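Listed here are the chains, written in short residue letters.
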Amino acid sequence: MAVLPILVLGDKRLREKANPVTEVGDAERQLIDDLVETMHDAPGIGLAATQVGVPKRIVVIDITAGEGDSEGEVLALVNPEISCPEGEQVGQEGCLSVPEEFADVKRPLSLRLKALDRDGNPLEMEAADLLARVICHEVDHLDGIMFVDHLSSLKRSLIARRVRKLVTQEEQSA
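The structure reproduced in this document is the subject of the present report.

Basis of the calculations
- Residues numbered from 1 in each chain as written.
- Predicted model: local features only at pLDDT ≥ 70, side-chain atom pairs only at ≥ 80, totals over all residues.
- Heavy atoms only, no water.
- Helix = DSSP H or I, 4+ residues; strand = E, 2+ residues; numbered from the N terminus.
- Rg over C-alpha atoms; globule rule 2.2 N^0.38 Å.
- Contact = heavy atoms within 4.5 Å.
- Areas by Shrake-Rupley, 256 points an atom, 1.4 Å probe, with all protein chains shown as cover.
- Lys, Arg positive; Asp, Glu negative; His and termini not counted.
- Charge placed at Lys NZ, Arg CZ, Asp CG, Glu CD.
- Expected span 1.5 Å × (residues − 1).
- Buried < 20%, exposed > 50% of the residue type's maximum accessible area, 1.4 Å probe, protein only.
- Pairing = 2+ DSSP bridges.
- Salt bridge = Lys/Arg side-chain N within 4 Å of Asp/Glu carboxyl O.

Right, let's get into the overall build of the chain. A count of helical and extended segments in the chain gives three helices and seven strands. Along the chain, from the amino end to the carboxyl end, the secondary structure elements read α-β-β-β-β-β-β-β-α-α. Radius of gyration (C-alpha) of the chain: 16 Å, near the 16 Å computed for a compact globule of 174 residues. With the C-alpha coordinates aligned to their principal axes, the bounding extent of the chain is approximately 45 × 40 × 35 Å. Put simply, 64% of the contacts in the chain that link residues at least 6 apart link residues at least 24 apart. Surface summary for the chain: the accessible area is close to 9,400 Å², and the carbon and sulfur share equals 49%. In the chain, the 19 positive side-chain charges and the 32 negative ones have mean positions that sit 10 Å from each other.

This is the structure:
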């Protein structure tokens, strides 16, 4: 497993739409393992393949990350499709591709999900609350959408400016 570099807001690859996975093979399972390692190292609770520059419809989620000593319960989703969004929740979101920034985002309270699992088996489930939020956030990434796109243009530009400043500072100190 490898920790992969995470793309940061401003990188055009984050705006590309990911391609469906036609077959879940060894390369996809290796990517899933690398995504999990990268997500836990960051640390985060979700990561899309597009965030590491791989335009495949694959995401990993671990909403239990950081709780206790366990690795958590990782959900690997290949070609995820959301349906039946219901209700509404507003809550703080951050993103590994938008370091040190958080904002309130409106998401469905619950949803249904269809995907393939790590081994290419069909997976169907219902999700609510934080899991529904994270699924929406990560599926957005696969469509080239970031959480800042759900904000006003003023908030979006302020966040973009702060992220550019942070990246510049990190590059200068490297």
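Moving on from the model shown.
Taking 1.5 Å as the rise per residue, helix α2 (residues 129-142) with 14 residues should run 20 Å; its terminal C-alpha atoms sit 21 Å apart, in good agreement. Counting buried residues in α2 gives twelve out of 14 residues, a clear majority hidden from the surface. Considered for burial, the residues of α2 that qualify are Leu 131, Ala 132, Arg 133, Val 134, Ile 135, Cys 136, His 137, Glu 138, Val 139, Asp 140, His 141 and Leu 142. In the segment just after α2, Gly 144 is the residue with positive phi, at about 75 degrees.

Let's shift gears to helix α3 (residues 153-173). Side chains three or four residues apart in an α-helix point the same way, a direct result of the helix having 3.6 residues per turn. An ideal rise of 1.5 Å per residue puts 30 Å on 21 residues; α3 measures up with 30 Å between its terminal C-alpha atoms. Contacts made by the buried residues of α3 are with β5 (98-107).

Inspection of the secondary structure puts Gly 94 in strand β4 (residues 89-95). Not counting the four nearest positions on each side in its chain, Gly 94 is found in contact with Glu 101, Phe 102, His 137 and Phe 147.

Bridge count between strand β6 (residues 110-116) and strand β7 (residues 122-128): seven bridges; the pairing is antiparallel. Looking across to β7, one finds that Leu 111 is bridged to Ala 127. The turn linking β6 back onto β7 is made up of five residues, and Gly 120 within it adopts a positive phi angle of 85 degrees.

Tallied over the full model, the rule gives twelve salt bridges. Of the charged contacts in the structure, one is a salt bridge between Asp 26 and Arg 29, with a shortest N-O distance of 3.0 Å. One end of the pair is Asp 26 and the other is Arg 29, both in helix α1 (residues 26-41) and three residues apart, which spans about a single turn. Taking relative accessible area as the criterion, Asp 26 reaches 64% and is therefore assigned exposed. The closest approach of N and O atoms between Glu 28 and Lys 56, which form a salt bridge, is 2.9 Å. With Glu 28 in helix α1 and Lys 56 in the loop between β1 (46-48) and β2 (58-61), the pair connects residues that are 28 residues apart, well separated along the chain. Among the residues examined, Lys 56 registers a relative accessible area of 26% and is labelled partly exposed. A network of salt bridges, in which partner residues are shared, links Glu 93, Arg 107, Arg 133 and Asp 140.

Note that all results are geometric; they support no functional claim without further evidence.
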